[in-house]
Amino acid sequence: MATPAERAAREHFASWARANEYKLSQDRVGNLFARREGKRKDASPIVAGSHLDTVKTGGAYDGAYGVAGAMCALELLDARNVSTEHPIEAAAWVGEEGSRFPLGCLGSAVFAGLTPADHALALADETGTTLGDALAHEAGGLLRNVPQRENNDIAAYVELHVEQGPILERAGVRLGIVTAIASQRRFRVTLEGDSGHAGTVPMAIRSDSLGGAAEIILAIESRARTLGEAVVTVGRMTVEPGSANVIPSRVTFTVDMRSPHDANVDAIEQSLRDALSRTAASRGLRTALESLEERSATPMTPHMREAVRRGANATGERSMDVPSGAGHDTMCIAAIAPVAMIFVPSIGGVSHVGVEKTSDADLELGVETLAAALVEVDRDLRA
Ligand code: GLV
Ligand code: MN
Ligand code: MN
């Protein structure tokens, strides 16, 4: 996030908006909006969007497709001379992945008022640079000459995204209507023991923090397996001092836990807490558990799902209901507006890896569905 590549994408979004005479705005953390006016100038906008950032090893579709798809949907409405009552906006959220600053859905959380902007701007990356500094001074900073967005009033939100899993492809269906987004919690765990010489300290008197981390990770994995419909991932770990012949004194790692059911996430969190105290006692480790984020399961708004279904039907293509195991900006926007999501298939069900891909035909179908769904939502809001 806040990298030159993201900046280039945001500049592209801005010049596209200007070229199409859409009203551009930006907020304090760098979220960008392009507004296609409706017949009622005072009406709150219907917003379609997603995020521009990726995970470090990510591909080109997770997030960026939903932004590009929203841009294409606005252009489709123009090309077909469709006029809506409500303004329709394309949104590009920042920092959805939490890869650089330790908060997922950062931009949409600030927009929805779930995280104060000042708190987000004070978050530091691994080098100690804060988001505020990065936006003010780095190449990826805020765009100049873009008006500040005045408020967060929105009438509805629709996010188009690649599925990132195998359900649609396996069912041979090209459009997914999301039912709910899984509950998700993320923690940072720190274990501190004693360093020492790898060759001289007998096993019986060691306080090895990395061995302790291994025990904890296996315990939470095993809990998720027995629960079913739950996943847990340790995706990042630092080991200090990090030498082959020195007993690790300090280990820090993240734990990401998810399930469609909040109760399963509660159970994995409990197993993490139990394993931490067991391991601390048996190995003589000092421990710290820090909650990085927590989002309950997010059901999509029933009338919005139906509007998307009508949009999907209008394309003549079959659709099916699917859950989302991945998190999305929609989780945050759901706090302030009715929401829905549209999925298109991910080839091989893979995502968060460089080779993620969706066929051009499915990408186009998603855009057609989004454009039709936006018109349906506008109609619903009028009724
Ligand atoms: C975002 O892609 C997430 O699900 O972590
Ligand atoms: Mn992602
Ligand atoms: Mn995404």
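No experiment lies behind these values; they were computed from the predicted model shown. Starting from 1, residues in each chain are numbered consecutively following that chain's sequence as written. Each chain takes a letter, starting from A, and each ligand takes a number, starting from 1, following the order in which they are written. Local features are withheld for residues below a pLDDT of 70 in this predicted model, meaning they are given only at 70 or higher, and side-chain atom pairs are given and counted only at 80 or more; totals for whole chains, interfaces and linings count all residues. With hydrogens and water stripped out, all remaining heavy atoms of the structure feed into the side-chain values.

Undergrad: Would you mind going over the pairing of strand E5 (residues 156-162) with me for this structure?
TA: On any regular strand, side chains alternate: one points to one face of the sheet, the next to the other face. Note on exposure labels: buried denotes an accessible area under 20% of the residue type's maximum, exposed denotes more than 50%, and partly exposed covers the range between, all computed with a 1.4 Å probe on protein chains only. Where helices and strands are cited, they refer to DSSP runs of H or I of at least four residues and of E of at least two residues respectively, numbered from the N terminus. Burial within E5 is extensive, with seven of its seven residues counted as buried. Side chains of E5 alternate between two faces, with Ala156, Val158, Leu160 and Val162 and Tyr157, Glu159 and His161 buried alike. Here a strand pair is declared whenever DSSP counts at least two bridges between the two strands. Bridging between strand E3 (residues 46-51) and E5 involves three bridges; their strand directions are parallel. In the strand pairing of E5, Val47 is matched with Tyr157.

Undergrad: Got a minute to help me understand the site of ligand 1 in this structure?
TA: Lining the immediate surroundings of ligand 1 are Asp62, Glu96, Glu97, Arg186, Arg258, Ala326, Gly327 and His352. In isolation ligand 1 has 200 Å² of accessible area, and contact with the protein removes 93% of it. The residue makeup of the shell around ligand 1, split by class, is one nonpolar, two polar and five charged. Near is defined per residue: the residue qualifies when any heavy atom it owns lies within 4 Å of the molecule or strand. Using a 1.4 Å probe, the Shrake-Rupley method yields the accessible areas, and only the shown protein chains count as cover for residues. When residues are sorted by character, Ala, Val, Leu, Ile, Met, Phe, Trp, Tyr, Cys and Pro go into the nonpolar class, Asp, Glu, Lys and Arg into the charged class, and all the rest, Gly among them, into the polar class.

Undergrad: Would you explain helix H7 (residues 209-227) in this entry?
TA: Residue pairs three or four apart in sequence face the same way in an α-helix, which turns once every 3.6 residues. Under the 1.5 Å per step criterion, the end-to-end length of H7 is 27 Å for 19 residues, consistent within 8% with the ideal 27 Å. What H7 keeps buried is the set Ser209, Gly212, Ala213, Ile216, Ile217, Ile220 and Ala224. What you see down the axis of H7 is that its buried residues fit within an arc of 135 degrees, all on one side. Across H7 from its buried face, at more than 90 degrees, point the exposed residues Leu218, Arg225 and Thr226. Residues are treated as being in contact if the distance between any of their heavy atoms lies within 4.5 Å. Looking at the buried positions of H7, the neighbouring elements they touch are strand E7 (183-192), strand E8 (231-233), strand E9 (237-240), strand E10 (250-259) and helix H8 (262-283). Residue Asp208 occupies the N-cap position of H7, its side-chain oxygen lying 2.8 Å from the main-chain nitrogen of Leu210. Directly after H7, the chain includes Gly228, whose backbone phi takes a positive value near 70 degrees. Given the number of residues in a helix, its expected span is that number minus one, multiplied by 1.5 Å. Working note: the arc is built from the helix axis to C-beta atom directions. Any pair of N or O atoms that falls within 3.5 Å is considered a polar contact. Within protein, one atom must be able to donate a hydrogen and the other to accept it, and sequence-neighbouring residues count only if both atoms are side-chain atoms.

Undergrad: Where do I start with the coordination of the manganese ion (ligand 2) in this structure?
TA: For a metal bound by four donors in tetrahedral geometry, the ideal donor-metal-donor angle is 109.5 degrees, whereas six donors in octahedral geometry ideally sit at 90 or 180 degrees. In this description, a donor is an N, O or S atom within 2.8 Å of the metal centre, a cutoff extended to 3.2 Å for sodium, potassium and calcium. Water is not part of the atom list, which can make sites seem incomplete. In the first shell of the manganese ion (ligand 2), the protein supplies Asp62 (OD), Glu97 (OE), Glu97 (OE) and His352 (NE2), at 2.0 to 2.7 Å from the metal. As a motif over one chain, the donors of the manganese ion (ligand 2) read D-x34-E-x254-H. Assessed through its relative accessible area of 5%, Asp62 is described here as buried. Under the relative-accessibility criterion, His352 is labelled partly exposed at 34%.

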